[in-house]
Amino acid sequence: RFSPDGRWVAYTSDETGRFEVFVRPFANGVAAAEKIQISELGGDFPVWRKDGQELYFMSEDGAIHVVPTGTLRIDGPVPRTQRLFRPCPGSAPQSPPMSGQFWGNPYDTRDGKRFIVNCSLRPSREYVVQLHCRDDVELLDGALGADGQRMTHAMRARLAVTAAKAGKVVVR
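Rules behind the numbers
Residues numbered from 1 in each chain as written. Predicted model: local features only at pLDDT ≥ 70, side-chain atom pairs only at ≥ 80, totals over all residues. Heavy atoms only, no water. Helix = DSSP H or I, 4+ residues; strand = E, 2+ residues; numbered from the N terminus. Buried < 20%, exposed > 50% of the residue type's maximum accessible area, 1.4 Å probe, protein only. Contact = heavy atoms within 4.5 Å. Areas by Shrake-Rupley, 256 points an atom, 1.4 Å probe, with all protein chains shown as cover. Disulfide = S-S within 2.5 Å. Pairing = 2+ DSSP bridges. Axes fitted to C-alpha atoms, helices over the stretch in contact; angles between N-to-C directions. 1 Å grid on protein atoms, 1.4 Å probe; cavity = no way out; pocket = protein on both sides within 12 Å on 5 of 7 lines; lining within 4 Å. Points joined across faces, edges and corners; volume = space filled by probe spheres on them. Nonpolar A, V, L, I, M, F, W, Y, C, P; charged D, E, K, R; others polar. Core = buried A, V, L, I, M, F, W, Y, C linked by side-chain atoms within 4.5 Å.

Draft legend 1. Quick look at the overall build of the protein. Counting its regular elements, the protein contains 1 helix and 10 strands. In the protein, the succession of helices and strands from N to C terminus is β-β-β-β-β-β-β-β-β-β-α. Across the 172 residues in the protein, those meeting the buried criterion constitute 35%. Sequence separation of 24 or more characterises 44% of the internal contacts of the protein that already satisfy a separation of 6 or more. Of the roughly 11400 Å² that the protein leaves accessible, carbon and sulfur atoms contribute 52%.

Draft legend 2. Here's a closer look at the state of the cysteines. One pass over the structure, following the stated rule, counts 1 disulfide. Note on cysteine connectivity: Cys88 is disulfide-linked to Cys119, with sulfurs 1.9 Å apart. Measuring the twist about the S-S bond at about -80°, one finds the Cys88-Cys119 disulfide to be left-handed. Of the two residues, Cys88 is situated in the loop between strand S8 (82-85) and strand S9 (107-109) and Cys119 in the loop between strand S10 (115-117) and helix H1 (153-165); the sequence distance between them amounts to 31 residues.

Draft legend 3. Seen up close, the sheet that holds strand S7 (residues 64-68). Read from one edge to the other, the open sheet built from 4 strands follows the order S5-S6-S7-S8, with strand pairing classed as antiparallel. The open sheet terminates on both sides in strands that have one partner only, identified here as strand S5 (44-48) and S8. The average angle at which neighbouring strand axes cross in this sheet is 30°, direction not considered. Across 5 bridges, the pairing between strand S6 (residues 54-58) and S7 is antiparallel. Its bridge partner being in S7, Met58 is matched across the sheet by Ile64.

Draft legend 4. Quick peek at the layout of surface pockets. In this structure, the second largest pocket spans a volume of roughly 150 Å³. Lining the second largest pocket are Ser39, Glu40, Leu41, Gly42, Phe57, Ser59, Glu60, His65, Thr81, Gln82 and Arg83. Considering only residue class, the lining of the second largest pocket consists of 2 nonpolar, 6 polar and 3 charged.

Draft legend 5. Expanded view of the nonpolar core. By size, the foremost hydrophobic cluster in this structure holds 11 residues: Trp8, Ala10, Val21, Val23, Ile36, Ile38, Trp48, Leu55, Phe57, Val67 and Leu72. Among the elements of the structure, strand S1 (8-13), strand S2 (20-27) and S6 are those that each provide at least two residues to this core. The contacts of Leu55, once residues within four sequence positions are left out, are Ala10, Val21, Val23, Ile38, Pro46, Val47, Trp48, His65, Val66, Val67 and Thr69. Within the second largest apolar cluster, 7 residues are counted, among which are Val47, Met58, Ile64 and Val66.

Printed below as a string of structure tokens:
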């Protein structure tokens, strides 16, 4: 990926024996031969913050890391990375890092504050029903049930849970 100002290109390579994130200066349509290794213990899926001041990457355990890039120089010290968070507790990113699956980043961010992450979810036998109660819910109360009786909100909720368990309805 190119930095927002077009001066750097960030990429993943396994030239060290494991996947790591590197950056190279980029000028006049050519990437320089010199490079800086950004990740220390493996890394994949580099993403630049929109102002180019930070570079994010994912480690093998699926955690997202950040490195400051505002003062990045080939002849300067390598900035230290910082682990931010692990976004897929109990599962893994849809494209696991360091697996050689290069068809898409499993996450993205523009500002470094909000991240969107595509996590793998395994089907379970648990049913989660989320009912959103609004101010106009009383308009729904009083609807007629199958037996001709008026349904209360609680009755509709029980019906929705029963239908969801039967696999017939997804309730949101």
